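So you can see what is in the structure, the chains are spelled out below.
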Amino acid sequence: MFLHLVRKELLEHLMSLRFAIACVLCLVVILCSVFVRTQDYVQVLEDYRLDEQASRGRLQSVSPWQILWGGRYYVPAYLAPNPMKVFVRGVESQNGQAVNVTVTEPFRPGHTGLVNPATVLFPTMDLVSFVGIILSLIAVVFGYDAVCGEKERGTLRLMLSYSVPRHTVLLAKWVGGGIMLLRPVLLTGLAGSVLAITQREMSLSGEQWVRLAAVAGLGALYITAIFTMAMYVSTLTRNSATSVMLLLSGWVVLVLIVPNVAPHVARMIAPVSPAGDGERARLAKEREVIEKGRSREQAIKTKTIAAMVLAGSNEQKRMQAQINAQIEMMDYTLELYDELYDAWDRIAAPQRREMDRQIALTRWIARASPFACFAYASSEIADAGASHRRRYYDQLRGYQEDLLQYGHDEAVRILRRNLEGETTARRTAGAGPDGKPVPAFRYVSPAAREYLEMAAVDTGILAVLTVLFFLLTYLTFLRYDVR
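Residues numbered from 1 in each chain as written. Predicted model: local features only at pLDDT ≥ 70, side-chain atom pairs only at ≥ 80, totals over all residues. Heavy atoms only, no water.

Q: How should the nonpolar core be read in this particular structure?
A: What tends to happen in soluble globular proteins is that the nonpolar side chains get buried as a cluster. Formed by 70 residues in total, the largest nonpolar core has its most connected members in Phe 87 and Tyr 222. It is helix α9 (residues 206–236) that contributes the most residues to this core, 12 residues altogether. Contacts of Phe 87, omitting those with residues within four sequence positions, involve Val 34, Asp 126, Leu 127, Val 128, Ala 196, Met 202, Leu 204 and Leu 212. Val 75, Leu 79, Ile 300 and Met 330 belong to the second largest nonpolar core, which has 36 residues in total. (Core = buried A, V, L, I, M, F, W, Y, C linked by side-chain atoms within 4.5 Å. Buried < 20%, exposed > 50% of the residue type's maximum accessible area, 1.4 Å probe, protein only. Helix = DSSP H or I, 4+ residues; strand = E, 2+ residues; numbered from the N terminus. Contact = heavy atoms within 4.5 Å.)

Q: Any chance you could explain a nonpolar patch on the surface here in plain terms?
A: A cluster of nonpolar residues, Val 252, Val 253, Leu 256, Ile 257 and Val 261, forms a patch on the protein surface that exposes about 340 Å² of accessible area. Assignment of secondary structure puts Val 253 in helix α10 (residues 240–269). Exposure remark for Val 253: the relative accessible area of 39% places this residue in the partly exposed category. (Patch = residues over 30% accessible without salt bridge, like charges linked within 9 Å, V, L, I, M, F, W, Y side chains within 5 Å. Areas by Shrake-Rupley, 256 points an atom, 1.4 Å probe, with all protein chains shown as cover. Salt bridge = Lys/Arg side-chain N within 4 Å of Asp/Glu carboxyl O.)

Q: Got a minute to help me understand unusual backbone geometry in this structure?
A: For residues besides glycine, phi is generally negative; the peptide bonds are generally trans as well. Despite not being glycine, Asp 383 shows a phi value in the positive range, around 60 degrees. The residue Asp 383 is located in the loop between α13 (370–381) and α14 (386–419) in this model. Overall, the relative accessible area of 7% leaves Asp 383 in the buried class.

Q: What is the right way to look at the environment of Gln 320 in this model?
A: Among the structural elements, Gln 320 can be located in helix α12 (residues 315–366). Overall, the relative accessible area of 36% leaves Gln 320 in the partly exposed class. On a C-alpha basis, the gap between Gln 320 and Arg 416 in space is 9.5 Å, while along the polypeptide they are 96 residues apart.

Q: Hey, could you run me through the layout of surface pockets in this one?
A: If you roll a probe as big as a water molecule over the atoms, it shows you where there is empty space left. What the second largest pocket holds in volume is close to 890 Å³. Lining of the second largest pocket is provided by 31 residues; of these, Gly 90, Val 91, Pro 259, Pro 263 and Tyr 376 occupy positions nearest its centre. The dominant element in the lining of the second largest pocket, judged by the number of residues it contributes, is α10, at 7 residues. A class-by-class count of the residues in the lining of the second largest pocket yields 15 nonpolar, 9 polar and 7 charged. (1 Å grid on protein atoms, 1.4 Å probe; cavity = no way out; pocket = protein on both sides within 12 Å on 5 of 7 lines; lining within 4 Å. Points joined across faces, edges and corners; volume = space filled by probe spheres on them. Nonpolar A, V, L, I, M, F, W, Y, C, P; charged D, E, K, R; others polar.)

Q: Can you walk me through the packing of helix α8 (residues 166–197) against α9 in this structure?
A: Each pair of packed helices can be described by the angle between their axes along with the distance between the axes. In the contact formed by α8 and α9, the axes pass within 10 Å of each other and the chain directions differ by 150 degrees. When the axes of α8 and α9 are compared, the crossing they make is right-handed. Between α8 and α9, the contacting residues are Leu 170, Lys 173, Trp 174, Gly 177, Gly 178, Leu 181, Leu 182, Ser 193 and Ile 197 on the first element and Trp 209, Leu 212, Ala 220, Ile 223, Thr 224, Phe 227, Thr 228 and Met 231 on the second. Grouping the constituent residues of the contact of α8 with α9 by class yields 11 nonpolar, 5 polar and 1 charged. (Axes fitted to C-alpha atoms, helices over the stretch in contact; angles between N-to-C directions. Left-handed = near helix turned anticlockwise from the far one by under 90°.)

Q: When you look at the confidence of the model for the protein chain in this model, what are you seeing that I'm missing?
A: A low pLDDT score tells you not to read the predicted coordinates there in detail. When pLDDT is averaged along the protein chain, the result is 81; 91% of the residues meet or exceed 70. Looking across the protein chain, the model is least confident in helix α4 (residues 117–121), with a mean pLDDT of 44, and most confident in α13, with 92. Ignoring residues within four places in sequence, the model shows residues 111–121, a span with pLDDT below 50, making 13 contacts including any to other chains. (pLDDT = per-residue confidence, 0-100.)

Q: Please clarify how α13 should be interpreted in this entry.
A: Because each turn of an α-helix spans 3.6 residues, side chains separated by three or four positions in sequence point in the same direction. An ideal rise of 1.5 Å per residue puts 16 Å on 12 residues; α13 measures up with 17 Å between its terminal C-alpha atoms. Buried residues of α13: Pro 370, Phe 371, Ala 372, Cys 373, Phe 374, Ala 377, Ser 378, Ser 379, Glu 380 and Ile 381, and no others. Among the structural elements, α5 (127–143), α9, α10, α12, α14 and α15 (448–478) are those in contact with the buried residues of α13. Between the side-chain oxygen of the N-cap and the backbone nitrogen of Phe 371 there are 3.2 Å, and the N-cap of α13 in question is Ser 369. Asp 383, located one to two residues past α13, shows a positive phi value of around 60 degrees. (Expected span 1.5 Å × (residues − 1). Polar contact = N/O pair within 3.5 Å; in protein donor to acceptor, adjacent residues only side chain to side chain.)

Q: Mind showing me how you'd approach the environment of Cys 373 here?
A: For Cys 373, the location among the structural elements is in helix α13. Expressed as a C-alpha distance, the spacing of Cys 373 and Thr 459, which sit 86 residues apart in the sequence, is 7.1 Å. Look past the residues within four positions of Cys 373 in its chain and what remains in contact with it is Arg 367, Asp 458, Ile 461 and Leu 462.

Q: So what exactly am I meant to see when it comes to the pairing of strand β2 (residues 97–101) here?
A: Consecutive side chains along a regular strand alternate between the two faces of the sheet. Within β2, 4 of the 5 residues are buried, leaving the element largely enclosed by the surrounding structure. Examined bridge by bridge, strand β1 (residues 75–79) and β2 share 5 bridges and lie antiparallel to one another. Considered in β2, the bridge of Ala 77 is made with Val 99. (Pairing = 2+ DSSP bridges.)

Q: Explain the pattern of salt bridges to me, please; I cannot follow it from the model alone.
A: Close approach of charged atoms lets side chains of opposite charge pair. Inspection of the entire model under this criterion finds 19 salt bridges. In this structure, Asp 145 engages Arg 18 in a salt bridge whose closest nitrogen and oxygen atoms are separated by 3.2 Å. Of this pair, Asp 145 sits in the loop between α5 and α6 (148–153) while Arg 18 sits in helix α2 (residues 17–61), and the two are 127 residues apart along the sequence. Given a relative accessible area of 10%, Asp 145 falls into the buried group.

Q: So what exactly am I meant to see when it comes to the side chain of Thr 473 here?
A: Relative to the helices and strands, Thr 473 resides in helix α15. Dropping the residues within four chain positions of it, Thr 473 is found in contact with Leu 170, Thr 228, Met 231, Tyr 232 and Thr 235.

Q: I tried to follow the packing of α9 against α10 on my own but got confused; where do I start?
A: Packing of α9 against α10 brings their axes to within 9 Å, and their N-to-C directions diverge by 145 degrees. Regarding α9 and α10, the two cross each other, and that crossing is right-handed. Between α9 and α10, the contacting residues are Tyr 222, Met 229, Ala 230, Val 233 and Ser 234 on the first element and Ser 243, Leu 246, Leu 247, Leu 254 and Val 255 on the second. Among the residues forming the contact of α9 with α10, the class breakdown is 8 nonpolar, 2 polar and no charged.

Okay, here's the thing in structure tokens:
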């Protein structure tokens, strides 16, 4: 009996106009979105490759003296475009970033390539927006009359007159409606994936395909939760008009209002201190470090002059005194920069903690919306969420320290070789034949276990909502008046 009821639901949906509209709408929107976003990705990837090629030439010509004492001389650090952002936009609309890193000041994120203003005026829809907004509305359309609609038509009373258990009827409606709702989603998702991989320069690794499948699974769970909620409202009402009005009102609140209002509410509850206070503290600390450096430099000069006087006309000892003074000054410079970096971290720590609290509060407020849960989990799995941005900035901070250490070590290496008799021409060149090249920035993605941890809470909320709505639907349907 259960299979017959499922077949009945499948046929009813298959022959309905809303199923045809859902298929056409999904196909058109998904294919257009994937095509446009793929073309944007290809353009950004070309810009990234050109910029990285120019960066390699810059790294080959840079000297350790330029890194240490070149003022605002910078080394570019590029974040490669993420092909997953074709499907999941994440917290930042741009794909790929460029940051000019210097050892003398905090880094400030930039962007890769030029941005066409038309892309800002007419933003494209990614997979998360499509599933979260359009498909959730389709799920409402599929489920709003699942029970009350059959009551209005008189078929529900006729069906239950054959002594069919109510839980069997309800489960058949849920299974049949869910299958027909997910069918256009899966077919168009497959078509979108095929379109993406056939485009020039567009390729995903095996691990990225697994993560994309996880995003699709989250989308299916989210749509199932919305469909189950629609069935629940359908069991609470006596006619389809009331059901659809309640559901559309709830859809507007949960999908459109809550995720957009949550950041503003969190900003009022947990404000972040102005950046000006930290900037003034940073500048004061930099002035303090500069003064300490000048004092130490003067002391080293005085000691060097005394050593040269004692060396008399011995040119080798005079040169040794000069080089030892430079090495001592570079060692002290390394200590000063380490002190400066620690001060930057201490100054930025309070504001960073405040921002972390605000972000966490935003997420918990927004989790009242199933759409927010789906969007947060999907962006983290696609390596395009808030955790990705924090990880990227932390790695840039480590890269800044690597540049400083490289400049110090290479400069000391060259000076010691000069002390041993090598020509001083090496002072103005990059790494020698036996020296290390200037390190290039490489972003390291998290392990698979970390993706699961980041998405676990939101995925669990979606699963709990689905089960909860189903149980409520079941309990309500047991007492539903079919007359």
